[in-house]
Amino acid sequence: MNWNPDLYQRTLHLAARAHGDQKMPGSGHPYVVHLAMVCAEVLRVPGLDTDFALQCALLHDTLEDTAMTADAVLQAFGPDVLAGVQALTKRADLPKTEAMQDSLRRILECPPEVAAVKLADRITNLQPPPSQWSREKRRAYQEEARLIHRQLASRCPVLGERLAAKIEAYAEYIA
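**Comments concerning the overall build of the protein chain**
Within the protein chain one finds 10 helices and zero strands. Order of helices (α) and strands (β) in the protein chain, N terminus to C terminus: α-α-α-α-α-α-α-α-α-α. For 175 residues, the compact-globule estimate of 2.2 N^0.38 gives 16 Å, and the protein chain sits close to it at 15 Å. Dimensions along the principal axes, computed over C-alpha positions, put the protein chain at roughly 45 × 35 × 30 Å. The burial tally for the protein chain puts 46% of its 175 residues in the buried class. Sequence-distant contacts, at least 24 apart, represent 64% of the contacts inside the protein chain between residues at least 6 apart. Per element, the accessible surface of the protein chain, about 8,800 Å² overall, is 53% carbon and sulfur. Treating the 20 positive side-chain charges of the protein chain as one cloud and the 22 negative ones as another, the clouds have centres 6 Å apart.

**Remarks on the packing of helix α3 (residues 50-59) against helix α8 (residues 112-125)**
Following both chains from N to C, one finds α3 and α8 inclined at 40 degrees, their axes separated by 9 Å at the closest point. Here α8 runs oblique to α3, going by the angle between their axes. For the pair α3 and α8, the crossing hand works out as right-handed. Contacts between α3 and α8 involve Phe52, Ala53, Cys56 and Ala57 on the former and, on the latter, Glu113, Val114 and Val117. Broken down by class, the residue content of the contact of α3 with α8 amounts to six nonpolar, no polar and one charged.

Conventions used here
Residues numbered from 1 in each chain as written. Predicted model: local features only at pLDDT ≥ 70, side-chain atom pairs only at ≥ 80, totals over all residues. Heavy atoms only, no water. Helix = DSSP H or I, 4+ residues; strand = E, 2+ residues; numbered from the N terminus. Rg over C-alpha atoms; globule rule 2.2 N^0.38 Å. Buried < 20%, exposed > 50% of the residue type's maximum accessible area, 1.4 Å probe, protein only. Contact = heavy atoms within 4.5 Å. Areas by Shrake-Rupley, 256 points an atom, 1.4 Å probe, with all protein chains shown as cover. Lys, Arg positive; Asp, Glu negative; His and termini not counted. Charge placed at Lys NZ, Arg CZ, Asp CG, Glu CD. Axes fitted to C-alpha atoms, helices over the stretch in contact; angles between N-to-C directions. Parallel < 35°, antiparallel > 145°, perpendicular 65-115°, else oblique. Left-handed = near helix turned anticlockwise from the far one by under 90°. Nonpolar A, V, L, I, M, F, W, Y, C, P; charged D, E, K, R; others polar.

This is the structure:
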């Protein structure tokens, strides 16, 4: 596996600036910790375009959760990275029940690195949920993870298997 640490650092710095003082829900850690965790999962997968996958991983929440614009991503990293990040971004103009399915459809139209990022993102999110989440919300989150698994696991079997195990382990937070 060969990747460019200078490109990683440039992308990480842009993502860290975009996310600013945001914290990971439930942990209080700086949001950049989540981004690093997603990258760590992606690095487990052989055969990916690692630079592209890491850029999408670092930027996957910027359009959805920060003031960063699509044009800024395009100018900094080009159309391929922008397309990956946009596919990973749920559209705000859709009802919540449709937004994930729409994003998964768009992810399936992208290179497998984008699916790997989505799988890695959900793997890292299946940690102990925020204490204020109801049992119903936790159950719905697990079901959404199953949807992601059904749609994307075949695009990246290494992370598909890991997500399946995390989904089952998450049951302890619902019981």
